[in-house]
Amino acid sequence: LAESEALMRRSNPAFIPRNHKVEEALRAASAGDLTVMHQLLDVLSTPYDHDRDLPAFSAPGEQTGNYRTFCGT
């Protein structure tokens, strides 16, 4: 990797806890299914692993109009 790309990878996580994935895990856990939560926690346990190809965990959620997050933004 070029030095600038290596710095970028060290500074920017490949995976972040996107709201739609957290909400999906919470819904499943509320229904008694913890597998979705375990998947999310597995991905987030190595957020800087840019070599993992997990598009479902790096893609933004669908835009469905105004969206209010848990933190109020």
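Everything here concerns the structure above.
Described in the following lines is the structure provided in the data block. Chains are numbered independently. Their residues run from 1 in the order of the written sequence. Predicted model: local features are reported for residues with pLDDT of at least 70 only, side-chain atom pairs are reported and counted for 80 or more only, and whole-chain, interface and lining totals are derived from all residues. By convention in this description, side-chain values take in all heavy atoms of the structure and omit both hydrogens and water.

## Overview of the overall build of the protein
Spelled out, the test is: The way it works is that DSSP assigns letters per residue, a run of H or I at least four long becomes a helix, a run of E at least two long becomes a strand, and they are numbered from the N terminus. Throughout, the radius of gyration refers to the C-alpha atoms, and the reference size of a globule is 2.2 Å times the residue count to the power 0.38. Relative accessibility decides the category of a residue: with a 1.4 Å probe and only protein chains considered, values under 20% of the type maximum give buried, values over 50% give exposed, and everything between is partly exposed. Residues are treated as being in contact if the distance between any of their heavy atoms lies within 4.5 Å. Per-residue and other accessible areas follow the Shrake-Rupley method at a 1.4 Å probe size, with only the shown protein chains counted as cover for residues. Within this scheme the basic residues Lys and Arg register as positive and the acidic residues Asp and Glu register as negative, but His and the chain ends are omitted. Here the site of a charge means NZ on Lys, CZ on Arg, CG on Asp, or CD on Glu.
Helix and strand counts for the protein stand at four helices and zero strands. Scanning the protein from its N terminus toward the C terminus, one meets helices and strands in the order α-α-α-α. For a compact globule of 73 residues, the expected C-alpha radius of gyration is about 11 Å, and the protein comes in at 15 Å, more than 25% above that figure. Summarising its shape, the C-alpha atoms of the protein cover approximately 45 × 30 × 20 Å along the three principal directions. Within the protein, the fraction of its 73 residues that count as buried is 15%. Within the protein, contacts between residues at least 6 apart in sequence are counted, and of these 70% link residues at least 24 apart. Carbon and sulfur atoms make up 55% of the accessible area of the protein, which totals about 5,600 Å². Side chains of the protein carry 7 positive and 10 negative charges; the gap between the two charge centres is 6 Å.

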